[in-house]
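Residue-level listing of the chains:
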Amino acid sequence: MNDYFKNDEYWKEHINKKLEIDMWIDDYKNYFENSGKCLELGCGVGQYSKRLMEYGYEVTSTDISEIAIEKVKKFNNDTKIVDMSEKLPFEDESYDIVFASLSIHYFDDKTTKELMSEIKRVLKKDGLFIGSVNGKEGLNAIKDTAIKLEENFYLNKNKYIRLFDENELRKYLNIFDIQLIEKREIVRFEHKKNYYVFIAKK
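Not measured: the values here are computed from a predicted model.

Reading guide: rules and limits
- Residues numbered from 1 in each chain as written.
- Predicted model: local features only at pLDDT ≥ 70, side-chain atom pairs only at ≥ 80, totals over all residues.
- Heavy atoms only, no water.
- Helix = DSSP H or I, 4+ residues; strand = E, 2+ residues; numbered from the N terminus.
- Buried < 20%, exposed > 50% of the residue type's maximum accessible area, 1.4 Å probe, protein only.
- Contact = heavy atoms within 4.5 Å.
- Core = buried A, V, L, I, M, F, W, Y, C linked by side-chain atoms within 4.5 Å.
- Pairing = 2+ DSSP bridges.
- pLDDT = per-residue confidence, 0-100.
- Phe/Tyr/Trp six-rings, centres within 6.5 Å; stacked < 30°, edge-to-face > 60°.
- Lys NZ or Arg CZ within 6 Å of the ring centre and 35° of its normal.
- Polar contact = N/O pair within 3.5 Å; in protein donor to acceptor, adjacent residues only side chain to side chain.

Trainee: Run through the overall build of the protein, naming residues and quoting values.
Mentor: A count of helices and strands for the protein gives seven helices and 10 strands. Considering the protein as a whole, with its 202 residues, one finds that 50% of them fall into the buried category. For the protein, long-range pairs separated by at least 24 residues make up 64% of all intrachain contacts whose partners lie at least 6 apart in sequence.

Listed below in structure tokens is the structure:
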């Protein structure tokens, strides 16, 4: 994980801003069993962890940000600081669902592939990997300042970002059985954001 997140720059800036809640997971509720163990990667201040707990899951909320995790601890005792660029600190086949909303698109190609393997490792047999990633339209907002490092991977104002289209997403999810990929749009922090929702099975 890059220093932008290790130094908590994101949440230092955003922690007191109004966060527009995009509870997209409610549109895919038929994919959730509503029981079992769920690992959320990059939980932020925990709006999805809270909803997944309401669904009926035992949720492990993880983020690299201590600022964010302190917020989540107010409603979930099961929290952990996790750097997704390293091996996940969880046992093989320990979760029914791994959930990651707009949190796995900060890595280079090698690290992204390693993260996919780690997610598959911690999922139980037939477990689901559910989440979302930034769409390529995001390049329009950063094209004047972004430095291209790899195909679809950029450094913009000290923050790394990977942008996806459906083919790019399928490339990284190819170790899973892909159940669904859908394109969506939301306004977040006063900017339009295009993103892809995915559901994949181990």
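Trainee: Which residues make up the nonpolar core, and what values go with them?
Mentor: With 32 residues, the main nonpolar core has Ile104, Ile119 and Phe129 as its most contacted residues. Elements with a contribution of two residues or more to this core: β1 (37-41), β4 (95-101), α5 (109-122), β5 (123-134), α7 (166-172) and β10 (191-201). It is α5 that contributes the most residues to this core, four residues altogether. The residues contacting Ile119, other than those within four sequence positions of it, are Leu41, Leu88, Val98, Phe129 and Phe176.

Trainee: How would you summarise the pairing of β4 if you had to cite specific residues and measurements?
Mentor: When you tally the buried positions in β4, you get six out of seven residues, the bulk of the element. Where β1 and β4 come together, three bridges link them in parallel fashion. Opposite Cys38, over in β4, you have Ile97 as the bridge partner. Pairing analysis gives six bridges linking β4 to β5, with the strands arranged parallel.

Trainee: Any chance you could break down the pairing of strand β8 (residues 159-162) for me, citing the residues and the numbers?
Mentor: Looking along a regular strand, one sees the side chains alternate between the two faces of the sheet. Sheet topology places strand β7 (residues 153-156) next to β8; four bridges connect them, and they run antiparallel. Note that in β8 the partner of Leu155 across the bridge is Tyr160. Linking β7 back to β8 in an antiparallel pair, the connection comprises two residues, with Lys157 at a positive phi of about 50°.

Trainee: Summarise the confidence of the model for the protein; cite the residues concerned and give the values.
Mentor: Model confidence for the protein is summarised by a mean pLDDT of 88, while 88% of its residues fall at 70 or above. When pLDDT is averaged over each element of the protein, β1 comes out on top at 98 and helix α1 (residues 3-6) at the bottom at 50.

Trainee: Can you tell me about the side chain of Thr79, naming the residues and giving the values?
Mentor: One can find Thr79 in strand β3 (residues 79-81). Judged by its relative accessible area of 17%, Thr79 falls in the buried class. When residues no more than four places from it in sequence are discounted, the contact partners of Thr79 are Ser61, Ile69, Val72 and Lys73.

Trainee: For helix α3 (residues 47-55), give the residues involved together with the corresponding values.
Mentor: Those residues of α3 lying buried are Gln47, Tyr48, Ser49, Leu52 and Tyr55. Of the surrounding secondary structure, the elements contacted by the buried residues of α3 are β1, β2 (58-63) and β4. Once α3 finishes, Gly56 follows within two positions and takes phi at roughly 125°, a positive value.

Trainee: Before we move on, could you go through the packing of aromatic side chains and cite the residues and values that matter?
Mentor: How two aromatic rings sit relative to each other is given by the distance of their centres and the angle of their planes. Going through the model one piece at a time under the given rule, you end up with 11 aromatic pairs. Plain terms: the ring middles of Trp24 and Tyr28 are 5.9 Å apart, the flat faces sit at 75° to each other, and that makes the pair edge-to-face. Through a chain of ring-to-ring contacts, three or more aromatic side chains come together here, namely Trp24, Tyr28, Tyr48 and Phe99. Positioned above the aromatic ring of Tyr95, the side-chain terminus of Lys37 is 5.3 Å from the ring centre.

Trainee: Which residues make up the environment of Asp177, and what values go with them?
Mentor: For Asp177, the position within the fold is in strand β9 (residues 177-188). By relative accessible area, which is 43% here, Asp177 ends up partly exposed. In this structure, the C-alpha to C-alpha distance between Asp177 and Lys202, residues 25 residues apart in sequence, is 6.2 Å. Residue contacts for Asp177: discarding those within four places in its chain leaves Ala200 and Lys201. Polar side-chain contacts of Asp177 include one of 3.2 Å to the side chain of Gln179.

Trainee: Help me get a handle on the side chain of Thr62, residues and values and all.
Mentor: Here Thr62 lies in strand β2. Judged by relative accessible area, which is 1%, Thr62 ranks as buried. Those residues in contact with Thr62 that lie beyond four places of it in its chain are Leu39, Glu40, Leu41, Gly42, Cys43, Ile69, Lys80, Val82 and Phe90.

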